Amino acid sequence: MNQSPFTPGPTISFTLGATQTISLGTGAGTSGTPQVVLSNGSTICFIKFGSSSVTAAVTDFPILANATICLTPPVGTTSLAAVGTAGTLYATVGHGLLG
């Protein structure tokens, strides 16, 4: 099986605080196995994939402080919601394998 290296798209950032939702653009949630690379700042945050109305809570998927992870969003995903106490979360949608 031929594997392509990770090809990043634009990076989206937002300041953590109350739950916020950002659009991941047209690359996420489609066939072709897109990934989202998430780089978190100095405090833990929690994320959830979904539609434009998705919200995140402290019971959702945690991203530890100073962590960078790569996730494959479910098919149909258009947005990412995050909640945390402070800091910035960066999200980069792309295709291929990371690392």
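Analysis parameters
- Residues numbered from 1 in each chain as written.
- Predicted model: local features only at pLDDT ≥ 70, side-chain atom pairs only at ≥ 80, totals over all residues.
- Heavy atoms only, no water.
- Helix = DSSP H or I, 4+ residues; strand = E, 2+ residues; numbered from the N terminus.
- Buried < 20%, exposed > 50% of the residue type's maximum accessible area, 1.4 Å probe, protein only.
- Contact = heavy atoms within 4.5 Å.
- Areas by Shrake-Rupley, 256 points an atom, 1.4 Å probe, with all protein chains shown as cover.
- Pairing = 2+ DSSP bridges.
- Axes fitted to C-alpha atoms, helices over the stretch in contact; angles between N-to-C directions.

Enquirer: Residue-level account of the overall build of the protein chain, with values.
Expert: Summing up its helical and strand segments, the protein chain has zero helices and eight strands in all. Beginning at the N terminus, the succession of helices and strands in the protein chain can be written as β-β-β-β-β-β-β-β. Evaluated residue by residue, the protein chain yields a buried proportion of 38% over its 99 residues. Taking as baseline every contact in the protein chain between residues at least 6 positions apart, the subset at least 24 positions apart corresponds to 82%. Here the protein chain has roughly 5,300 Å² of accessible surface; of this, 60% comes from carbon and sulfur atoms.

Enquirer: Tell me about the sheet that holds strand 2 (residues 20-23), residues and numbers included.
Expert: Here four strands make up an open sheet; going across it, the order is 2-7-4-5 and the pairing antiparallel. Whereas interior strands pair on both sides, the edge strands pair on one side only; in this sheet they are strand 2 and strand 5 (61-63). Within the sheet, the average angular offset between the axes of one strand and its neighbour, ignoring direction, is 30 degrees.

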